[in-house]
Amino acid sequence: MNIFKVKINFEEAGHESVELPIAEGESVLDVCLENGIELQHNCGGVCGCSTCHIYVNKGGDNVQEISDKEEDFIDRAVNPRITSRLGCQCVMIDGDIEVTLPDQSQFLGH
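Quantities reported herein were computed from a predicted structural model and do not represent experimental measurements. (Residues numbered from 1 in each chain as written. Predicted model: local features only at pLDDT ≥ 70, side-chain atom pairs only at ≥ 80, totals over all residues. Heavy atoms only, no water.)

1. Here we look at the overall build of the chain
Part 1: Across its full length, the chain holds 2 helices and 5 strands.
Part 2: Put simply, the chain runs from its N terminus to its C terminus through helices and strands in the order β-β-α-β-α-β-β.
Part 3: Against the 2.2 N^0.38 benchmark of 13 Å for 110 residues, the chain shows a C-alpha radius of gyration of 12 Å, consistent with a compact globule.
Part 4: Buried residues in the chain amount to 45% of all 110 residues.
Part 5: Of the contacts formed within the chain by residues at least 6 apart in sequence, a portion of 67% connects residues at least 24 apart.
Part 6: Summed over its atoms, the accessible surface of the chain is roughly 5,800 Å², and 45% of this surface lies on carbon and sulfur atoms. (Helix = DSSP H or I, 4+ residues; strand = E, 2+ residues; numbered from the N terminus. Rg over C-alpha atoms; globule rule 2.2 N^0.38 Å. Buried < 20%, exposed > 50% of the residue type's maximum accessible area, 1.4 Å probe, protein only. Contact = heavy atoms within 4.5 Å. Areas by Shrake-Rupley, 256 points an atom, 1.4 Å probe, with all protein chains shown as cover.)

2. Regarding the packing of aromatic side chains
Part 1: Here the structure, examined in full by the defined rule, presents 0 aromatic pairs.
Part 2: Here the guanidinium or amino end of Arg 81 rests over the ring plane of Tyr 55, the centre of that ring lying 3.6 Å away. (Phe/Tyr/Trp six-rings, centres within 6.5 Å; stacked < 30°, edge-to-face > 60°. Lys NZ or Arg CZ within 6 Å of the ring centre and 35° of its normal.)

3. Re the pattern of salt bridges
A side chain with one charge can pair with a side chain of the opposite charge if their charged atoms come near.
Part 1: All chains considered together, the criterion is met by 4 salt bridges.
Part 2: In this structure, Glu 19 and Lys 5 form a salt bridge, with 3.8 Å as the shortest nitrogen-oxygen distance. Taken as a pair, Glu 19 in strand S2 (residues 18-23) and Lys 5 in strand S1 (residues 3-10) lie far apart in primary sequence, 14 residues in all.
Part 3: Of the residues examined, Lys 5 reaches a relative accessible area of 42% and is grouped as partly exposed.
Part 4: The salt bridge partner of Glu 70 is Arg 85, with a shortest N-O separation of 2.8 Å. Residue Glu 70 is found in helix H2 (residues 68-74), and its partner Arg 85 is found in strand S4 (residues 84-86); the two are separated by 15 residues along the sequence. (Salt bridge = Lys/Arg side-chain N within 4 Å of Asp/Glu carboxyl O.)

4. Here's the deal with the pairing of strand S5 (residues 97-101)
For a regular strand, side-chain orientation follows a simple rule: the groups alternate between the two sheet faces.
Part 1: Of all 5 residues in S5, 5 are buried, a share of seventy percent or more.
Part 2: Both faces of S5 are covered, namely the face carrying Ile 97, Val 99 and Leu 101 and the face carrying Glu 98 and Thr 100.
Part 3: Bridge count between S1 and S5: 5 bridges; the pairing is parallel. Across the sheet, the residue bridging to Val 6 is Ile 97, located in S5.
Part 4: Across 3 bridges, strand S3 (residues 53-58) lies against S5 in antiparallel orientation. (Pairing = 2+ DSSP bridges.)

Right under this line is the structure:
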């Protein structure tokens, strides 16, 4: 199993960026939860909502491709961008990634 790095930036004030190991096959949501980083996930991380919405700054080619279902939920997220993904669907396949977590102090979709 390969181990890569995920750099996590935060829009929410008072949080500094962190760099953590992420294993091949592991999602960004998994790494956040394992390290006490708050990332909402109302559906339990099964691509059934938009609350784990994140922005992929670098390394988007290093995660599994976006599905039609994920795209539908991203359309429901607050402030989606071209680089938007769901943390539960950002599963590592090769290389490092850098993401930004939107402000978690507000509700992030439905």
